[in-house]
Amino acid sequence: MEGAASAEKRSVEDFRVRVHGGPHPLRAGSEGGATTFGRDDDAGWAPRPPDDANASRRIVAHFDVDAFYSQVEELRDPRLRGRPMAVTQKFLIVTANYAARSAGLKKLMSTTKAKALCPEVALVSGEDLTPYRACAKKVRAALERFGTCEKLGLDECWVDLTAEVDRRIAAGGPASDPPLVGHRHSSEHVVESDNAHRPMDIRAVDPERTNASDGVHHPVPPRCEDGADPDANPDVSDPARERRLRVGAAIAAEARDAVRSATGLRMSAGIAHNKMLAKLVSGLHKPDDQTTLPAGVAAKLVSPLPVRALPGVGHGAERTLVHRGVRTAADLRRVTRSEVCEWLGPRVGRKVHDAAWGVDREEVAPKPAPNFVTCEDSFRSCTTWSSVDAVLAVIAPDLLARMDEEYEDEVERTVGAGALIPAGRAARTLTVKWRDVGPGGKGTGWSRSSASTTMPTLANDRSIDAKRRADALREAATRVLRSELTRGFDLRALNVGAGNFEPKAVTLNKRPGVEAGCVSGSSGIDVGTGRAAPHGSAFAAMNARRDYDRGGGRMSKTEERALSERERGLGGGVFGGGLNGGGGGESSDVFAEPLRDQDEDEEDGDSFYADLADVQRSSAMPSIGRVQSLVPRKRGAEQASLLSFFKGPSKR
DNA sequence: CTGGGGTCCT
DNA sequence: AGGACCC
């Protein structure tokens, strides 16, 4: 294996070559190219793949907004378009646009290195996630029309297209048997990663280019190694399945168009028979393009990949596997399922073992409302209680804004589902997390500690003054920290979170004729008192909530345990402060004082930009300690003073 | 010069 | 409460 240093050294030119379609780097083992996963997967004996009975019917698409934060920032500030530009958090590049990538900028690179590679790069702070959350919401709204949607992070989404595919095929006509739109992955393709640290970010190598030295295409005889049918040609699969994939690809293309017209954002997509494969291929022809994976090609695609590229294999699992000589998915297939389960634990073991064959039984399941919302800031050094308080003074209002955002979302969800009464979203637990390197700068390294306490009632009360709420939050957080940090400290990060939300208010009535998968038959909570209705119980409320969130279904053991714990904790089912919704829902009070008063150069008449501008104005205060960007943004006076306060000498 | 979020399991 | 995983 090559050292990281040399990999980084050559990355600049490599990427330019790929982006602009210049001569292709040599294939596997090349000295100048990106990491290429070669076509050497046919070595050794392969046991049978795990069964996957539903493998053929489902059509799943994975959507991924290209360079998400960068695109959002380019929408907010058109001056950034077409220039090399990157979004930063503190000293890190979190994403770069394609102009910057062609100069060698990569995800999670330090800003120092970014500026060295590309002095003209515009750096924009992306520490406040509010605008990205707002965009992500619009993206999902556009995608949801095409099927059940499951989000992963802010910029990724799976959509189950099965029902829509069925509908189109049943309807007949041209839409029931369309030509393939976008790319079709085949066993001729080799796949590679251009970032040694992120082998999961893979792209396809165009087979015509890899073989084009003499202008003639030389197909390599495909071999099936998934054990199902050793003689089958993976590129000639079941015509019915291929047709379903083609219909899925057409739908995915429409979905990408829909997102683009609703938001202006470009995305890539992968279309396959399960979530894992859809995600694997969605990036193969990034940006702004899509890739379809025929069923028979899946095993070929997966087998040369390093284990780290399989979902579920992080740093820990990779270390474990490599230590035992298992480096690739093909290696993984040669060891037994029970061995993998022994090494990684039953759950991860099964998932990873399946993944090595391209099997994934997980359904596309919408994520329920979040269990936690948190706000965090990091800094060079923080050793005194007054500085802790200064940090909390910034973070606490941020968290309140997040909690209120969450409340608004809950109202949308429940009212959309036919509820008459907006749900409660009062957090019962306040969690504080911190990274402490210790009094002398020596300590727990990068690990974090955390402690929690009861969320003060005032913090949940949207009817009172924002400052009082923030003060209550701050006090509680400080109390926790004081009892934990009894000796000296030197914090590098501080995080406050609100979670363990109370069961939402169950609707007593539904709009006549509205079904909407809402609470069925369970009695609920008296809206007036906020207490459990006479024949209701906390359990009923939780149960109803679960049914609503997940559309029914069984509880896992963990859920059962958590539920009964919560039930015990609830006692008589008292629900404090959260249901006082009446006049307290006006979040604008919270932001009565504009944090930034400079004229945002209003973007023409586009409603999307207008929305974003609103978000900006109402967003929580940007974090302290922001890096100065090449595209300067005014800082509030309060923040400027904090910035200098925290700019103190670095310990190292 | 190592973000700021989240999830789930143990 | 902490760790592993995901973005």
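Residues numbered from 1 in each chain as written. Chains lettered and ligands numbered in written order. Predicted model: local features only at pLDDT ≥ 70, side-chain atom pairs only at ≥ 80, totals over all residues. Heavy atoms only, no water.

Draft legend 1. How the structure looks around the pattern of salt bridges. The final tally for this structure, using the stated rule, is 38 salt bridges. Across the pair glutamate 156 and lysine 279 runs a salt bridge, and its minimum N-O distance is 2.9 Å. Separated by 123 residues along the polypeptide, glutamate 156 in strand S7 (residues 156–160) and lysine 279 in helix H10 (residues 275–282) bring together distant segments of the chain. Residue classification places lysine 279 among the partly exposed residues on the basis of a relative accessible area of 31%. The salt bridge partner of aspartate 389 is arginine 474, with a shortest N-O separation of 3.2 Å. Taken together, the residues span a long stretch of sequence, with aspartate 389 in helix H16 (residues 385–416) and arginine 474 in helix H18 (residues 466–484) at a distance of 85 residues. (Salt bridge = Lys/Arg side-chain N within 4 Å of Asp/Glu carboxyl O. Helix = DSSP H or I, 4+ residues; strand = E, 2+ residues; numbered from the N terminus. Buried < 20%, exposed > 50% of the residue type's maximum accessible area, 1.4 Å probe, protein only.)

Draft legend 2. Summary view of the protein's contact with DNA strand B. Around DNA strand B, the surrounding shell holds 24 residues, and the nearest of these are Gln89, Thr112, Thr374, Arg380 and Arg402. Sugar and phosphate atoms form 70% of the subset of DNA strand B atoms that lie within 4 Å of the protein. With respect to DNA strand B, the backbone of phenylalanine 91 contributes an N or O atom lying 3.3 Å from a phosphate oxygen. Between threonine 374 and DNA strand B, the recorded distance is 2.8 Å, taken from a backbone N or O atom to a phosphate oxygen. Of all the secondary-structure elements, those providing two or more residues to the surface near DNA strand B are strand S4 (92–96) and strand S13 (372–378). Residue contributions to the surface near DNA strand B peak at 7 residues, all from S13. In the surface near DNA strand B, the residues fall into 10 nonpolar, 6 polar and 8 charged. (Near = heavy atom within 4 Å. Polar contact = N/O pair within 3.5 Å; in protein donor to acceptor, adjacent residues only side chain to side chain. Nonpolar A, V, L, I, M, F, W, Y, C, P; charged D, E, K, R; others polar.)

Draft legend 3. Seen up close, the domain arrangement of chain A. As far as domains go, chain A holds domain 1 (34–63 + 134–213 + 223–355), domain 2 (68–129) and domain 3 (503–575). Across the contact, 13 residues belong to domain 1 and 8 residues belong to domain 2. Of the roughly 990 Å² buried between domain 1 and domain 2, counting both surfaces, carbon and sulfur atoms make up 65%. Note that lysine 106 is salt-bridged to aspartate 194, the shortest N-O span being 4.0 Å. (Domains from an automatic or database assignment. Contact = heavy atoms within 4.5 Å. Buried area = accessible area lost by both parts, 1.4 Å probe.)

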